[in-house]
Every structure is written in C-alpha cells, then in structure tokens.
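Each chain, letter by letter, is given below.
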Amino acid sequence: EPEVTQTPSHQVTQMGQEVILRCVPISNHLYFYWYRQILGQKVEFLVSFYNNEISEKSEIFDDQFSVERPDGSNFTLKIRSTKLEDSAMYFCASRDRGGNIQYFGAGTRLSVL
Amino acid sequence: GQQLNQSPQSMFIQEGEDVSMNCTSSSIFNTWLWYKQDPGEGPVLLIALYKAGELTSNGRLTAQFGITRKDSFLNISASIPSDVGIYFCAGQLQGSGNTGKLIFGQGTTLQVKP
C-alpha cells in the first residue's frame, strides 16, 4: 500500500541551526501538507502546498519556515534558525485531487537543544 | 480561531467494554475524519465522513457525522488491548476552499486493561 515516508525519524539540533525535514508523498498525490505536534498536544496545521506554491499557511508558519518541492518526489520543510519551542513532531501529509482524505507519514521528531 | 472540542480527554476501560468519544464545534465542516495515533507514529485514518447524518462502520468502529455538521462521535465496541492509543477527530471546514487544511481535536487517550 502506498505510504508517505519521512526522514529522518529523529533530528537533534542546536538552537539557531537550520534544519531540513524531508518527505516523499504518495506518488500520484497533488496536495501536500506539514503539521506539527508538540509533545502531549494536538496536531496543528502549518502549511498546505499545491501546484508548486503555498496555498495556505498558519500563524505558526512565520518567516523562519519555508517549504519546497525540489523535484517530482520530495517535499521539504526548512526551519532557518531553530528555536527551543520548535521542538515537536512534524508530520507530512498528502492527498490526491479528488479526495478529502489526507495520509500522514510517521513523522520526524525534532529536538532543539 | 476554529476549534474542535474533543471529549473525554482520556479513558481507562476494561477489555471487552464499549467506548464512545465525541467532538463538537461551533463551525460547520464538510468532511470529518477520525484518526488513531500510536506512540511515535503518525495519525492513521479510521473512518471518513462526508454527509450530514452519515453513519459509517469499519469493523468494531462506528462513527456518525452530526446533522448540523458541527459534531461527530466515534464508538468502539468490544475493546481489545490493541485499541490502545490516541484518537483524534479532524475536520475540513466548509468554505476552506481547495487547501484541505485539517483542524484537529485535542485527542482522546484510550487505555485498555486486559
């Protein structure tokens, strides 16, 4: 069964460093998403991406965040200068054109020290 | 902002018991999804609801989309130890356009005692 894959599973970084979280969405999907889940809290929307541009972003998604689809398969989330409060699980999700169901990856745990 | 209020926050039940959890909102949703999350994993879809009043089953799971499109419940019958996890409701707001952004409830943590 097709699945969304995310790498790495765990990323440890120093405050102020740049990180890139990687995702490979399901191959025929056209809409891509990043969500964040701080430990013990609910999943929060960060950004949606369609047709090579951001279609919606939340207040969390400030100038330190950016997304990119550098080729036909990868979808990345970059945090330019990490802060302690960026520590969370980051989930990538994708859906196809005709459906409302988003399929999630297993997530990347980001730990900012 | 838009919120989904999910309850109960946690449940500790005996194996074999039935479970019920629900989500409510003041906003109208055009799609309602129920996900399960195991520790260290991403949310896995359990049931999707699209129509007001829709009642859908998936094995021992049953979910309904409220008539007003502002609420939903999830029932699990005859719980087993592998039902342990966190259950989230998630909705796509009516009028959210083509983005498909999902709003999540706070989650219900389910523990099952064998």
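Scroll up to find the structure.
These numbers come from a predicted model, not from an experiment.

Undergrad: Any chance you could explain the overall build of chain B here in plain terms?
TA: Looking only at helices and strands, one finds zero helices and eleven strands in chain B. Computed over the C-alpha atoms, the radius of gyration of chain B is 14 Å, within 12% of the 13 Å expected from 2.2 N^0.38 for a compact globule of 114 residues. Along the longest, intermediate and shortest principal axes, the C-alpha atoms of chain B span 45 × 30 × 20 Å. The 114 residues of chain B split such that 47% are buried. Looking at chain B as shown, the accessible area adds up to about 5200 Å², and 50% of this sits on carbon and sulfur atoms. Averaging the positions of the 7 positive and the 8 negative side-chain charges in chain B gives two centres separated by 10 Å.

Undergrad: Explain the side chain of A:Gln37 to me, please; I cannot follow it from the model alone.
TA: Tracing the sequence through the fold places A:Gln37 in strand E4 (residues 31-37). Under the relative-accessibility criterion, A:Gln37 is labelled buried at 9%. Side chain to side chain, A:Gln37 and B:Gln37 meet in a polar contact 2.9 Å long. Those residues in contact with A:Gln37 that lie beyond four places of it in its chain are A:Lys42, A:Val43, A:Ala88, A:Met89, A:Phe91, B:Gln37 and B:Phe88.

Undergrad: Any chance you could explain the interface of chain B and chain A here in plain terms?
TA: Where the parts come together, the accessible area they lose is often given as the size of the interface. In this assembly, 21 residues from chain B lie in contact with 21 residues from chain A. Together, the buried faces of chain B and chain A total about 1800 Å²; carbon and sulfur atoms form 53% of this surface. Between chain B and chain A we count one salt bridge in total. Across the chain B-chain A interface, the total number found is eight residue pairs in polar contact (both at pLDDT 80 or more).

Undergrad: Quick question: what am I supposed to make of the state of the cysteines here?
TA: Chemically, a disulfide is nothing more than a covalent bond linking the sulfur atoms of two cysteines. All names here are of chain B. Under the counting rule described, the total for this entry stands at two disulfides over all chains. Between Cys23 and Cys89 runs a disulfide, and the two sulfur atoms are separated by 1.9 Å. Its S-S torsion of approximately -90° makes the covalent link between Cys23 and Cys89 left-handed. Here Cys23 is found in strand E3 (residues 19-24), whereas its partner Cys89 is found in strand E9 (residues 85-93), with 66 residues between them in sequence.

Undergrad: How do you make sense of the sheet that holds strand E6 (residues 55-58) of chain B when you look at a structure like this?
TA: Paired through their backbone hydrogen bonds, the strands of a sheet run either parallel or antiparallel. All names here are of chain B. What the five strands build is an open sheet, ordered E1-E3-E8-E7-E6; its pairing is antiparallel. Among the strands making up the open sheet, the edge pair consists of strand E1 (5-7) and E6. Between one strand axis and the next, the sheet turns through 15° on average, direction left out of account.

Undergrad: Looking at this model, I keep getting lost on the packing of aromatic side chains. Mind explaining?
TA: In this description, an aromatic ring pair is defined by two values, namely the gap between the centres and the angle between the planes. Applying the stated criterion across every chain, the model contains 15 aromatic pairs over all chains. Between A:Phe32 and A:Phe75, the aromatic rings sit 5.5 Å apart at their centres with planes inclined by 40°, giving tilted as the arrangement. With A:Phe32 in strand E4 and A:Phe75 in strand E8 (residues 75-79), this residue pair connects regions lying 43 residues apart in the sequence. Just as A:Phe32 is buried, A:Phe75 falls in that class too. Taken together, the aromatic side chains of A:Tyr33, A:Tyr35, A:Phe45, A:Phe104, B:Tyr35, B:Phe88 and B:Phe104 make up a single cluster linked through ring pairs.

Undergrad: Which parts of the structure should I look at to understand the sheet that holds E8(A)?
TA: Residue and element names in this part refer to chain A. The strand order across the open sheet formed by four strands is E1-E3-E8-E7, and the pairing between neighbours is antiparallel. The sheet is open, and its two edges are formed by strand E1 (5-7) and strand E7 (65-68), each paired on a single side. Here the strands of the sheet are splayed against their neighbours by 20° on average, with no regard to which way each runs. When strand E3 (residues 19-24) meets E8, the two strands line up antiparallel, connected through five bridges.

Undergrad: Before we go on, may I ask you to explain the environment of A:Thr7 in this structure?
TA: Residue and element names in this part refer to chain A. By the secondary structure assignment, Thr7 is in strand E1. On the basis of relative accessible area, Thr7 is assigned to the partly exposed category, the value being 45%. Ignoring anything within four residues of it in the chain, the contact list for Thr7 reads Leu21, Arg22 and Thr108.

Undergrad: So what exactly am I meant to see when it comes to the nonpolar core here?
TA: Note on soluble globular proteins: their nonpolar side chains tend to be buried together. B:Trp32, B:Trp34, B:Leu74 and B:Leu110 are the most contacted members of the largest nonpolar core, which has 23 residues in total. If you list the elements that add at least two residues to this core, you get strand E2 (10-14), E3, strand E4 (29-37), strand E5 (44-49), strand E7 (61-65), strand E8 (71-76), E9 and strand E11 (108-113) of chain B. In terms of nonpolar packing, the next biggest core, distinct from the first, is built from 21 residues, A:Leu21, A:Ile26, A:Val47 and A:Val67 among them.

Definitions and cut-offs
Residues numbered from 1 in each chain as written. Chains lettered and ligands numbered in written order. Predicted model: local features only at pLDDT ≥ 70, side-chain atom pairs only at ≥ 80, totals over all residues. Heavy atoms only, no water. Helix = DSSP H or I, 4+ residues; strand = E, 2+ residues; numbered from the N terminus. Rg over C-alpha atoms; globule rule 2.2 N^0.38 Å. Buried < 20%, exposed > 50% of the residue type's maximum accessible area, 1.4 Å probe, protein only. Areas by Shrake-Rupley, 256 points an atom, 1.4 Å probe, with all protein chains shown as cover. Lys, Arg positive; Asp, Glu negative; His and termini not counted. Charge placed at Lys NZ, Arg CZ, Asp CG, Glu CD. Polar contact = N/O pair within 3.5 Å; in protein donor to acceptor, adjacent residues only side chain to side chain. Contact = heavy atoms within 4.5 Å. Buried area = accessible area lost by both parts, 1.4 Å probe. Salt bridge = Lys/Arg side-chain N within 4 Å of Asp/Glu carboxyl O. Disulfide = S-S within 2.5 Å. Pairing = 2+ DSSP bridges. Axes fitted to C-alpha atoms, helices over the stretch in contact; angles between N-to-C directions. Phe/Tyr/Trp six-rings, centres within 6.5 Å; stacked < 30°, edge-to-face > 60°. Core = buried A, V, L, I, M, F, W, Y, C linked by side-chain atoms within 4.5 Å.

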